[in-house]
Amino acid sequence: MYKILSSDLSVNQIVMIGIVVAFVITFLALKHPLPFLPSDKGRDYALNGKQSKGKIRGVGLSFVVCFVVCSYIFLPFDREFVIYSILLFGVMLSGYLDDASDTPWNEYKKGLIDLILSVITILTFIDFNSTTIYIGTLELVVPKVLYVLLGILLFWISINVTNCSDGVDGLCASVTSVVLLSFSIIFSETLGKYAMASFLFVAVLLAYLYFNAYPSSMLMGDAGSRALGYFIAIITIKTGHPFIYLLLAGVFIIDGGLGLVKVFLLRFFRFGILKNTLTPIHDDVRSKHNWSDTQVVVRFVTIQLLLAVIAYVIVIQWYS
């Protein structure tokens, strides 16, 4: 389809049309949700979790499918991209099955699935790309075994910190939109069609936000949040600058990551940190500082925008 469109339209025109189409298709898919999508049962362990009871859950399935379909229509995809899209669907599906399960999956089951999909992803990446990474202007060729191990770690972190941040109406999708746009603007030439894919993903997220903005009527569930974390990791490794993730996904790392560190240290080393802090951090600021859901979204998005500006300045300085 892209070849047909490119005969009469420029790349920018195709992307703009793709953004509009992706938004409209996703909007319609969410306006008329799939009948088998589960309803949220409320989460006693989450702050204000009971307020979500009865809302449609797992609509990440809908917007991920819309994204994949639009990608095949409006992007010049190749075999590598097709493999990633299949794996993205796999991550989404594992999250959806957890959403639809009467009993939530345990961390080890989800961790095993993350491990398998991450290994396949990284092995696919090194089959099509070099293992060269950049730290500033320093170019390093990472041994393949080490690259696989570090890549698995990146994907595990990205999937889980994004997932943990999905607890406030509009938060996860809004911050993800900033993250993807930041990567695509700063590394537009390096990312190529993956930057175009990011724009399409932002379009489907904007359609989702129409329904997920406070007070929401539906939730992406693990089907959405885990897929978003996976896609962010794909974009990160394709830039060749993996450490820039620390800034361009900084809000996710702070909001969701601190909780993961807290649980990890307590479970495996019996060492407690942040004992007086609720995690994810969005729960702490709502509970102890009386931030409203809207304030959390606006302030977290503002922080992520500032981190993106800092990242942009740093990258520009590297290549000036």
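All values derive from a computational prediction rather than experimental measurement.

A.B. asks: Requested: an account of the overall build of the chain, with residues and values cited.
C.D. replies: The secondary structure content of the chain amounts to 14 helices and four strands. Computed over the C-alpha atoms, the radius of gyration of the chain is 19 Å, within 12% of the 20 Å expected from 2.2 N^0.38 for a compact globule of 320 residues. When the backbone C-alpha atoms are referred to their principal axes, the chain occupies close to 55 × 45 × 35 Å. Buried residues in the chain amount to 51% of all 320 residues. Sequence-distant contacts, at least 24 apart, represent 75% of the contacts inside the chain between residues at least 6 apart. Here the chain contributes 22 positively and 20 negatively charged side chains, and the mean placements of these two sets differ by 5 Å.

A.B. asks: So what about empty space enclosed by the protein? Which residues, and what values?
C.D. replies: The gaps left among the atoms become clear once a water-sized probe is rolled over them. Counted according to the given criterion, the structure contains one cavity of 30 Å³ or more. If you add up the space inside the largest cavity, you get close to 70 Å³. Taken together, F67, F81, Y84, S85, L88, Y194, Y230, F231 and I234 form the lining of the largest cavity. When residues of the lining of the largest cavity are traced back to their parent elements, those giving at least two are α4 (79-100) and α10 (221-239). The greatest single-element share of the lining of the largest cavity, amounting to four residues, is contributed by α4.

A.B. asks: Can you lay out the packing of α4 against helix α5 (residues 107-128) for me, pointing to particular residues and giving the numbers?
C.D. replies: Viewed as axis vectors pointing N to C, α4 and α5 meet at an angle of 175°, and their least axial separation amounts to 10 Å. It follows from the interaxial angle that α4 and α5 lie roughly antiparallel. Touching R79, E80, I83, Y84, L87, G90, V91, S94 and D98 of α4 are K110, I113, L117, I120, T121, T124, F125 and F128, all from α5. Looking at the contact of α4 with α5, its residues break down into nine nonpolar, four polar and four charged.

A.B. asks: Before we move on, could you go through the packing of helix α6 (residues 144-164) against α10 and cite the residues and values that matter?
C.D. replies: One can describe the packing of α6 onto α10 by two numbers: an axis separation of 7 Å at closest approach and a directional angle of 140°. The orientation of α6 with respect to α10, classified from their angle, is oblique. As α6 packs across α10, the resulting crossing turns out to be right-handed. Facing α6, whose interface residues are Y147, L154, F155, S158, I159, N160, T162 and N163, α10 presents D222, S225, R226, L228, G229, Y230, I232, A233, I234, T236 and I237. Split by residue class, the contact of α6 with α10 holds 10 nonpolar, seven polar and two charged.

A.B. asks: Go over the pattern of salt bridges with me, naming the residues and quoting the values.
C.D. replies: Under the criterion given, the structure shown has 12 salt bridges. The shortest N-O distance in the salt bridge between R57 and D40 comes to 2.8 Å. Here R57, found in strand β1 (residues 56-57), pairs with D40, found in the loop between α2 (11-31) and β1; they are 17 residues apart in sequence, far enough to count as distant. Residue R286 pairs with D293 through a salt bridge whose shortest N-O separation is 3.1 Å. Judged by its relative accessible area of 9%, R286 falls in the buried class. For D293, a relative accessible area of 13% corresponds to the buried category.

Here is what the cut-offs are and how they apply
- Residues numbered from 1 in each chain as written.
- Predicted model: local features only at pLDDT ≥ 70, side-chain atom pairs only at ≥ 80, totals over all residues.
- Heavy atoms only, no water.
- Helix = DSSP H or I, 4+ residues; strand = E, 2+ residues; numbered from the N terminus.
- Rg over C-alpha atoms; globule rule 2.2 N^0.38 Å.
- Buried < 20%, exposed > 50% of the residue type's maximum accessible area, 1.4 Å probe, protein only.
- Contact = heavy atoms within 4.5 Å.
- Lys, Arg positive; Asp, Glu negative; His and termini not counted.
- Charge placed at Lys NZ, Arg CZ, Asp CG, Glu CD.
- 1 Å grid on protein atoms, 1.4 Å probe; cavity = no way out; pocket = protein on both sides within 12 Å on 5 of 7 lines; lining within 4 Å.
- Points joined across faces, edges and corners; volume = space filled by probe spheres on them.
- Axes fitted to C-alpha atoms, helices over the stretch in contact; angles between N-to-C directions.
- Parallel < 35°, antiparallel > 145°, perpendicular 65-115°, else oblique.
- Nonpolar A, V, L, I, M, F, W, Y, C, P; charged D, E, K, R; others polar.
- Left-handed = near helix turned anticlockwise from the far one by under 90°.
- Salt bridge = Lys/Arg side-chain N within 4 Å of Asp/Glu carboxyl O.

Function cannot be inferred from these measures alone, as they are strictly geometric.
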